[in-house]
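So the chains spell out like this:
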Amino acid sequence: YASVEDVIHRGTTALTPAEFEAVAESAGALILDTRDSAEFWKGFVPQSINIGLKGDFAPWVGAMIVDVQQPILLVTEPGVEEEAVIRLSRVGFDNVLGYLKGGFEAWKQEGREVDTVNRIPAAKFAQEVKIGESMVVDIRKESEYQAEHVEEAYNKPLAYINEWIKDINPSEHFFLHCAGGYRSMIAASILQSRGYRNFTEVEGGFKAIAETGLPKTDYVCQSKMMKI
């Protein structure tokens, strides 16, 4: 195992956008964007996975990335690069190869390719969704879903995304939400990194949706929990 000092030194290597791109390609690195979902959706380096530092960062990194040997490149808010490296190291992810110097703004200012997530406010979701016709995917934990959910929504917990993602019909649109937007943006970034773009993520999650007046229920239809 590398020493903590070595891990921090390597992980806090500042890379220009050109260097960042070159390392990503040569090392097969995963690009981990630790910014808040409120910023991430508006623009990010293509193929990035968003797991916000201001949230259950380490547990979700462990659950989503799994392989602790996976080379990682960081995109962070300026000044928190070392914190991200240390928090990754605490859960065994020591293979951070550096971070994007100047953050996403530096990438954008060079005119490089940028991706976005199709995110809409809960009020617009309430206007567009057709209960019983539109597909709504609730990625909260099963217990959260059982407590209360949008009528006819499917429950596909984020923790099992690698299992249910293969069952998605890429030609069928669906709405995606969690409780507040943190987990659904993780899911959105994973979906887009794997080529799925047939969804709309709902800002504010179920907390915001619950205030719209859309029909909700605490009845659990088992078929909604078994397949998408």
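Residues numbered from 1 in each chain as written. Predicted model: local features only at pLDDT ≥ 70, side-chain atom pairs only at ≥ 80, totals over all residues. Heavy atoms only, no water.

A. Representation of unusual backbone geometry. Of note, the phi angle at Q47 is positive, near 80°, even though the residue is not glycine. Of note, Q47 is situated in the loop between α3 (37-40) and β3 (49-50). Phi at E152 is positive, roughly 70°, even though this residue is not glycine. Here E152 lies in the loop between β8 (149-150) and β9 (154-155). (Helix = DSSP H or I, 4+ residues; strand = E, 2+ residues; numbered from the N terminus.)

B. Focus on helix α5 (residues 81-90). Every buried residue of α5 is listed here: E81, A84, V85 and L88. Projected onto a plane normal to the axis of α5, the buried residues spread over an arc of 100° and lie on a single side. Its buried side turned inward, α5 meets α1 (4-11), β2 (30-33), α4 (57-65), β4 (72-75) and β5 (96-100). Phi for G92, located one or two positions after α5, is positive at around 95°. (Buried < 20%, exposed > 50% of the residue type's maximum accessible area, 1.4 Å probe, protein only. Arc of directions from axis to C-beta. Contact = heavy atoms within 4.5 Å.)

C. Quick look at helix α10 (residues 182-193). Across its 12 residues, α10 extends 17 Å between first and last C-alpha, which sits within 8% of the 16 Å expected from 1.5 Å per residue. Of all 12 residues that make up α10, 10 are buried, and the element is covered over most of its length. Residues R183, S184, M185, I186, A187, A188, S189, I190, L191 and Q192 constitute the buried set of α10. Within two residues after α10, G195 carries a phi angle of roughly 95°, on the positive side. (Expected span 1.5 Å × (residues − 1).)

D. Highlighting the sheet that holds β9. The 5 strands lie next to each other as β6-β11-β10-β7-β9, forming an open sheet whose pairing is parallel. Two strands lie at the open edges of the sheet, namely β6 (119-120) and β9, each paired on one side alone. (Pairing = 2+ DSSP bridges.)

E. Region of interest: the packing of aromatic side chains. For the coordinates displayed, the defined rule picks out 4 aromatic pairs. Ring centres of F20 and W107 lie 6.2 Å apart, and the angle between their planes is 75°; on these two criteria the pair is classed as edge-to-face. Placement of the pair is F20 in helix α2 (residues 17-27) and W107 in helix α6 (residues 103-109), with a sequence separation of 87 residues. This pair shows no difference in class: F20 is buried, exactly as W107 is. (Phe/Tyr/Trp six-rings, centres within 6.5 Å; stacked < 30°, edge-to-face > 60°.)

F. Representation of the packing of α1 against α5 within the structure. Between α1 and α5, the least distance of the axes is 9 Å, while the angle of their chain directions is 135°. In terms of orientation, α1 lies oblique with respect to α5. Note that α1 runs across α5; the crossing there is right-handed. Residue-level contacts link V7, I8 and G11 of α1 to E82, V85, I86 and S89 of α5. (Axes fitted to C-alpha atoms, helices over the stretch in contact; angles between N-to-C directions. Parallel < 35°, antiparallel > 145°, perpendicular 65-115°, else oblique. Left-handed = near helix turned anticlockwise from the far one by under 90°.)

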